Amino acid sequence: MSYEFAQDIIEKVSKEYTLSKEHQYIFAGLPSETEHNMSQLYIDSGTVVKDKQDREAYLLKQNKDKLIGFIDLEKVNETSDKEHYLICSYKDPDKLGETYQHKALKYFDLVAGIFATKIEQLFKNGYQNVYLVTDHGFVLTGILDNSDKIEVDFKGNVKISERFIRSENKQKIDTNLLIEKEVVYNNFNYSYFAKRLGPFKSTGVYGFSHGGLSPQETIIPFLKWSNDNNAQDQLQVVISNKKDLNDVTGDLFSIVLKASTETSDLFSSERKVMILFFANNKNINESDIITIEKDNEVKKEFRFGSNATIEVKIVDAITKEQLDKVIVKQNKTRDLGGLL
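Residues numbered from 1 in each chain as written. Predicted model: local features only at pLDDT ≥ 70, side-chain atom pairs only at ≥ 80, totals over all residues. Heavy atoms only, no water.

Enquirer: So what's going on with the overall build of the protein? Which residues, and what values?
Expert: On a plain count of helices and strands, the protein comes out with six helices and 20 strands. Taken over the C-alpha trace, the protein has a radius of gyration of 27 Å; the compact-globule value for 340 residues is 20 Å, which it surpasses by more than 25%. Over its C-alpha atoms, taken along the principal directions, the protein stretches across nearly 90 × 50 × 35 Å. Counting all 340 residues of the protein, 42% fall into the buried class. Restricting the contact set of the protein to residue pairs at least 6 apart, pairs at least 24 apart contribute 65%. Looking at the protein as shown, the accessible area adds up to about 19,500 Å², and 48% of this sits on carbon and sulfur atoms. (Helix = DSSP H or I, 4+ residues; strand = E, 2+ residues; numbered from the N terminus. Rg over C-alpha atoms; globule rule 2.2 N^0.38 Å. Buried < 20%, exposed > 50% of the residue type's maximum accessible area, 1.4 Å probe, protein only. Contact = heavy atoms within 4.5 Å. Areas by Shrake-Rupley, 256 points an atom, 1.4 Å probe, with all protein chains shown as cover.)

Have a look at this one:
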């Protein structure tokens, strides 16, 4: 994802969430390829780790005191709220560029919309801060002739990529054309970059590419949104009988909603809510819209059906913001039907 592309996401995220004006970008590591830079995002030792699951395992091991979850961004929904820290990954921008090349541009607005929708969903789930960061940006090299491509006469063990070259030994270069960086990686000790956007002549697919020194590749977004809404100004709706729901006998259970607020204005006198029901991370039912007034309680009865454990969430009927939640458990061993 490039810094420019992130600006499209900013425009689509609701303005009710505050975008920090400080530190909106960082610099990608060099060369800016996925394996290297994703490691830098997850691992503080500088070690390059190839597999995503190993990077996640390292992060968990180093933060045993924190509840951290990992999820594909597209799978974020109303149930994505169990961990204190949730790391959401999304590979579609990369896949689009690699697969469709120049044609990918027409899909980017849709992808930006997905980012914005999921960012807003995380806030509705109760997260107070959402960060957007990436491993690297990209350049669109355009339709190329061979004359646009850069050829070099390097000696020894080298690996030529579209936007950078790795070398085991130091090379003699024209400093007007190339830049040298000492970067240790496997058997390579140096990386070389072009001073212009033209790619090195290689066997790769030209078009969307990364790994070079252009601003589009190395200046990447580091954005932070916060939910600064003053919840005290709104009617608070909570489940007041949570203790009773941990061990329910029979097929029926009751949800008791209680409303209160610290203000007395007209807008906080009532609130419209809905009750959502989840089992195995799937939405299995939802209530009608319930209007509850300040300092009142509303009691609603429901059936377990085929699920002995149900997660119940109370959401604002208009904004879908999560207000409260509880796990309801049915104790079938105690329900003997009066046979003893």
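After presenting the structure, the write-up continues.
Enquirer: Go over helix α5 (residues 108-124), please, and point to the residues and values.
Expert: The terminal C-alpha atoms of α5 lie 25 Å apart, and with 17 residues this matches the ideal 24 Å at 1.5 Å per residue to within 8%. Phi for Gly126, located one or two positions after α5, is positive at around 110°. (Expected span 1.5 Å × (residues − 1).)

Enquirer: Just give me the short version of the side chain of Ser254, but keep the residues and values in it.
Expert: Position of Ser254 relative to the elements: it lies in strand β14 (residues 252-260). A distance of 3.4 Å separates the side chain of Ser254 from the side chain of Glu301, its partner in a polar contact. If we skip the residues at most four places from it in the chain, Ser254 touches Asn241, Leu245, Lys299, Lys300 and Glu301. (Polar contact = N/O pair within 3.5 Å; in protein donor to acceptor, adjacent residues only side chain to side chain.)

Enquirer: Let's hear about the packing of aromatic side chains: which residues, and what values?
Expert: Under the criterion given, the structure shown has 15 aromatic pairs. Ring geometry for Tyr25 against Phe27: centres 5.8 Å apart, planes inclined by 80°, an arrangement best described as edge-to-face. Taking the centre distance of 5.1 Å and the plane angle of 65° together, the rings of Phe154 and Tyr192 count as edge-to-face. Residue Phe154 is found in the loop between β6 (139-140) and β7 (158-160), and its partner Tyr192 is found in strand β10 (residues 188-194); the two are separated by 38 residues along the sequence. (Phe/Tyr/Trp six-rings, centres within 6.5 Å; stacked < 30°, edge-to-face > 60°.)

Enquirer: A description of the nonpolar core should follow, citing residues and the corresponding values.
Expert: Counting 28 residues, the largest nonpolar core has Ile9, Phe115, Leu132 and Trp225 as its most contacted members. Looking at this core, the elements that each hand over two or more residues are α1 (3-12), α5, β5 (129-133) and β12 (219-226). (Core = buried A, V, L, I, M, F, W, Y, C linked by side-chain atoms within 4.5 Å.)

Enquirer: Give a description of α1 that names residues and reports values.
Expert: Residues Phe5, Ala6, Ile9 and Ile10 constitute the buried set of α1. Each buried residue of α1 sits inside an arc of 155° when the element is viewed along its axis, so together they form one side. (Arc of directions from axis to C-beta.)

Enquirer: Could you give me a rundown of the pattern of salt bridges, with the residues and numbers involved?
Expert: Under the defined criterion, the tally for this structure stands at 16 salt bridges. For Lys12, the salt bridge goes to Asp109, with nearest N and O atoms at 3.1 Å. With Lys12 in helix α1 and Asp109 in helix α5, the pair connects residues that are 97 residues apart, well separated along the chain. Notably, a salt bridge pairs Asp65 with Lys66, separated by 3.4 Å at the nearest N-O pair. (Salt bridge = Lys/Arg side-chain N within 4 Å of Asp/Glu carboxyl O.)

Enquirer: Quick one: what's the story with the environment of Lys50, residue by residue and with numbers?
Expert: For Lys50, the location among the structural elements is in the loop between α2 (34-42) and α3 (52-62). Given a relative accessible area of 63%, Lys50 falls into the exposed group. A sequence separation of 14 residues divides Lys50 from His36, and the C-alpha atoms of the two residues are 8.0 Å apart. Those residues within four positions of Lys50 in sequence are excluded, and the remaining contacts are Glu35 and Arg55.

Enquirer: So what about the sheet that holds strand β13 (residues 236-239)? Which residues, and what values?
Expert: Strand order across the open sheet formed by three strands is β13-β14-β18, with antiparallel pairing between neighbours. Each end of this open sheet is capped by a strand with a single partner; those strands are β13 and β18 (297-303). Averaged over all adjacent pairs, the angle separating strand axes in this sheet is 25°, with direction ignored. With four bridges connecting them, β13 and β14 associate as antiparallel partners. Counterpart to Val237 in the pairing with β14 is Ala259. (Pairing = 2+ DSSP bridges. Axes fitted to C-alpha atoms, helices over the stretch in contact; angles between N-to-C directions.)

Enquirer: Any chance you could break down the packing of α1 against α5 for me, citing the residues and the numbers?
Expert: At a minimum axis separation of 8 Å, α1 and α5 run at an interaxial angle of 50°. Here α5 runs oblique to α1, going by the angle between their axes. The two elements α1 and α5 cross, and the hand of that crossing is right-handed. Across from Phe5, Asp8, Ile9 and Lys12 in α1, the residues of α5 making contact are Phe108, Asp109, Val111, Ala112, Gly113, Phe115, Ala116, Ile119 and Glu120. Partitioning the contact of α1 with α5 into residue classes produces eight nonpolar, one polar and four charged. (Parallel < 35°, antiparallel > 145°, perpendicular 65-115°, else oblique. Left-handed = near helix turned anticlockwise from the far one by under 90°. Nonpolar A, V, L, I, M, F, W, Y, C, P; charged D, E, K, R; others polar.)

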